Amino acid sequence: MTRRALTIVIGLLLASPVPAQDIRAFEPGSLAAIEAAHAGRPFILACWSITCTHCQEEFALFADLRRRYPDLEIVLVSTDSPDESDAIALTLKRYHLESIDSWVFADDFAERLRFEIDRQWQGELPRAYLYGADRTVYGISGRLDARDVTRWFERQRQFTAKDK
Amino acid sequence: MAAVAAPDAGAHAPGAEHQAHAKFSLATGVVFDKNGRLWCVWTEEQRVLVRYSDDKGRHFSSPARVNTAPERVVADGENRPSIAIGTADTIYVSWTQSLEQAYAGHIRFSRSRDGGRTFSAPVTVNDNRDPISHRFQAMAVDRSGNVHLVWLDRRDQSAAKSRGENYAGMAVYHAVSRDDGASFSVNEKIADHSCECCRIALALDTDGTPVIFWRHVFDKNVRDHALARLDGTAALSRVSHDNWAVDACPHHGPSLSIGRDGIYHLAWFSGAPGHAGLFYSRSTDRGRSFSVPMPFGNSKAQAAHPQVLSVGGHVWLAWKEFDGRDAAVRGMHSTDGGRTWSAPAAVATTAGASDHPLLTANGAEVFLSWQTAREGYRLIELDGNRP
């Protein structure tokens, strides 16, 4: 990297207190795209909001799971709005989740997005879906239990290992 | 305020421009005054705005600005600015100001004594001024003209945490103004351990006593509902036994109405596995006992945000559903004080974003008040036939 390029990079870092995290727009159709991107592999889809006091309680769990299981894919969907992307990014940074696959509701008609994810989800947060490799999906309201998630993922690993 | 604007034209229209700023909120508070004038309060661009309509929402006055200095106003469905009219026609407005710190807020209050032309400089009502959560205000004026504010407050949780102790949820606090909104009392705690982010329902009993109904945290994390009369006895009744044990924010508060017959009407949402949905119950003994909860709404269509309103023996329920394409407000009607109910029927639909449905009365007339992104503000009269 040239000195000039380095200067520009540092300048950008200084100018922007918010981590440059790509938070993607979650719109009608996004769920299908996420499911397709993880086809045949287990993953966790976790919905949260910056205004939800219980949501951040499970971020430490996500950070820990990612350390222990680098192959566990976690997708975060914030139900806030794209103009809150800075606050979302800052919150994720606090929990060292800058590199996590992160989306934000980008449609004011939130009922439509919720319906696409799960027609019986009433908007309570956190709300997570454990997607099995065979596409068995468990929906869970409330803070995830570390032991339950670990047990689920260990079983998923055995299942996918046997498959291969 | 004299100028009349066409409905949905002007500053309040949620057009693309506002979506780009996303500072416009659909969350709208309403009240009819004794002359049948409809008052609306909402927020836009860090201002709280008030307008009125003398023809049931067809035309509105130009908006009056409540706070001259901009501040962040919370308005997101469960949080909405409140408006109430005093016995001497003073207009009271209250809202939650959002602070920089996560979840933090202050309960703000302002009044107008010149018919809504100008408003006093906003004051903060919570006497704990730490940058923590004081949010989800509800406001009502009793027969003597006292202005009651209740809200959810984190001060006790915060104090417990600093002592290294656990404290479930938040607390419900109350303040009252006995001088037409010029000043507020020392804050009084009504209950420890409320749920953190559900609106509080507030209504006045026939004897003038404020009654509150809120989602409480029973035991470790059971998010069922409690009721309290603010009569100084601090007694709390448990209303619902859904046993929804969850470490989550439902963002889904209950509704309470007390008619002239003194019957308490209560509606709420529970997400308890195996029996999630909306429920209605009534109490004929001022909250000592409650009828067996009646489920209503289609839980497979996101039935949500129930409202109940009792006017002269008639009772209405309204709630929101979504069928995969449109959002609808559906309603039910009872002519016998909530003992029996009509079949549910659609009152209004929209194919875009919308506020929670609100029920409001002008004397004996009952209305659905509903702010929608596509059709703008809608005020729809309900009668025995509709729903």
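For the rest of this paragraph, the subject is the overall build of chain A. Looking only at helices and strands, chain A features six helices and six strands. Listed N to C, the secondary structure of chain A is α-β-α-β-α-β-α-β-α-β-β-α in terms of helices and strands. Looking at chain A as a whole, 34% of its 164 residues qualify as buried. Intrachain contacts of chain A at a sequence separation of at least 6 include 76% that bridge at least 24 residues.

Before going further, it helps to examine the overall build of chain B. Secondary structure summary: chain B contains two helices and 29 strands in total. Here the C-alpha radius of gyration of chain B, 20 Å, is about what a compact globule of 387 residues would show, namely 21 Å. Looking at chain B as a whole, 52% of its 387 residues qualify as buried. Considering only intrachain contacts with a sequence separation of at least 6, the fraction spanning at least 24 residues in chain B is 51%.

Moving on: the sheet that holds strand β29 (residues 376-382) of chain B. Residues and elements named next belong to chain B. The strand order β27-β28-β29 describes an open sheet built from three strands, whose pairing is antiparallel. In the strand order of this sheet, the two ends are held by β27 (358-362) and β29, each with one partner. Each strand of the sheet is rotated relative to its neighbour by a mean of 30°, with strand direction disregarded. One ladder, built from five bridges, connects β27 with strand β28 (residues 365-372); its direction is antiparallel.

This brings us to the pairing of strand β25 (residues 327-334) of chain B. Residue and element names in this part refer to chain B. Across the eight residues that make up β25, a large majority, eight, are buried. Along β25, one buried face is formed by A327, V329, G331 and H333 and the opposite face, lined by A328, R330, M332 and S334, is buried too. Hairpin geometry of strand β24 (residues 314-322) and β25 is characterised by an intervening segment of four residues between the two adjacent antiparallel strands and by a positive phi of about 105° at G324. Bridging between β25 and strand β26 (residues 345-350) involves five bridges; their strand directions are antiparallel. Within β26, the position partnered with A328 by the bridge is T349.

Chain A puts 22 residues into the contact, and the matching count from chain B is 25 residues. Per element, the largest residue contribution to the side of chain A that touches chain B is three residues, and it comes from helix α5 (residues 110-117) of chain A. Across the side of chain A that touches chain B, the residue classes break down as six nonpolar, nine polar and seven charged.

Let us look at the sheet that holds strand β20 (residues 264-270) of chain B. Residue and element names in this part refer to chain B. The strand order across the open sheet formed by four strands is β19-β20-β21-β22, and the pairing between neighbours is antiparallel. Where the open sheet ends on each side, the last strands, each with one partner, are β19 (255-258) and β22 (294-296). Ignoring which end each strand starts from, the neighbouring axes of this sheet average 20° apart. Note: strand β21 (residues 277-283) against β22, three bridges, orientation antiparallel. Directly across from L278, in β22, lies its bridge partner F296.

Residues and elements named next belong to chain A. The buried count for strand β2 (residues 43-48) comes to six of six residues, which makes it a mostly enclosed element. Because side chains alternate across β2, one face comprises the buried residues F43, L45 and C47, and the other comprises I44, A46 and W48, equally buried. Pairing of β2 with strand β3 (residues 73-78) involves six bridges; the strand directions are parallel. Along β3, the bridge assignment pairs L45 with V75. In this view, the connection linking β2 to its parallel neighbour β3 by way of helix α3 (residues 59-68) has right-handed handedness. Relative to strand β5 (residues 127-131), β2 is paired through five bridges, and the arrangement is antiparallel. Bridge pairing links F43 to Y131 in β5.

W39, I83, V93, V150, I200 and I212 of chain B are the most contacted members of the largest nonpolar core, which totals 137 residues. Excluding residues within four positions of it along the chain, V93 of chain B makes contact with V41, V48, V50, V66, P81, I83, S110 and F119 of chain B.

We now examine the confidence of the model for chain B. Residue and element names in this part refer to chain B. Taken as a whole, chain B shows an average pLDDT of 92; of its residues, 93% reach a score of 70 or greater. Low pLDDT, under 50, characterises residues 1-22; the stretch is placed with 37 contacts to residues that sit more than four places away or in other chains. For this predicted complex, the interface score ipTM comes out at 0.86, alongside a pTM of 0.90.

A word on helix α4 (residues 85-94) of chain A. Residue and element names in this part refer to chain A. Those residues of α4 that sit buried are S85, I88, A89, T91 and L92. Within α4, the buried residues cover an arc of 160° as seen down the axis, which keeps them to one side. Contacts from the buried residues of α4 go to β1 (23-26), β3 and β4 (101-105). Just past α4, the residue H96 takes up positive phi, approximately 55°.

The rules behind each value
Per chain, the residues get numbers from 1 upward, laid out in the order the sequence is written. In the order they appear in the text, chains get letters beginning with A and ligands get numbers beginning with 1. Only residues with pLDDT of 70 or above have their local features reported here, since the model is predicted, and side-chain atom pairs are shown and tallied only from 80 upward, although totals for entire chains, interfaces and linings are computed over all residues. To qualify as a helix, a DSSP run of H or I must reach at least 4 residues; to qualify as a strand, a run of E must reach at least 2; elements of each kind are numbered from the N terminus. The exposure scheme places C-beta atoms from the backbone and then counts, for each residue, the other C-beta atoms within 10 Å of its own, assigning buried at 20 or more, exposed at 12 or fewer, and partly exposed in between. We call two residues in contact if the C-beta atoms placed from their backbones are at most 7 Å apart. Atoms counted for the radius of gyration: C-alpha only. Globule rule: 2.2 Å times the number of residues to the power 0.38. At least two DSSP bridges between two strands are required for those strands to pair. All axes are obtained by fitting lines to C-alpha atoms, using only the stretch in contact for helices, and the reported angles, taken between N-to-C directions, cover 0 to 180 degrees. Residues are grouped as follows: Ala, Val, Leu, Ile, Met, Phe, Trp, Tyr, Cys and Pro are nonpolar; Asp, Glu, Lys and Arg are charged; all remaining types, including Gly, are polar. A crossover counts as right-handed when, viewed with the strands pointing away from the observer, the path leading from the first strand over the helix to the second turns clockwise. We call a set of buried Ala, Val, Leu, Ile, Met, Phe, Trp, Tyr and Cys residues a nonpolar core when their C-beta atoms link them within 7 Å. Looking at any residue, its pLDDT shows the predictor's confidence there, from 0 to 100. Here the arc refers to the set of directions running from the helix axis out to each C-beta atom.

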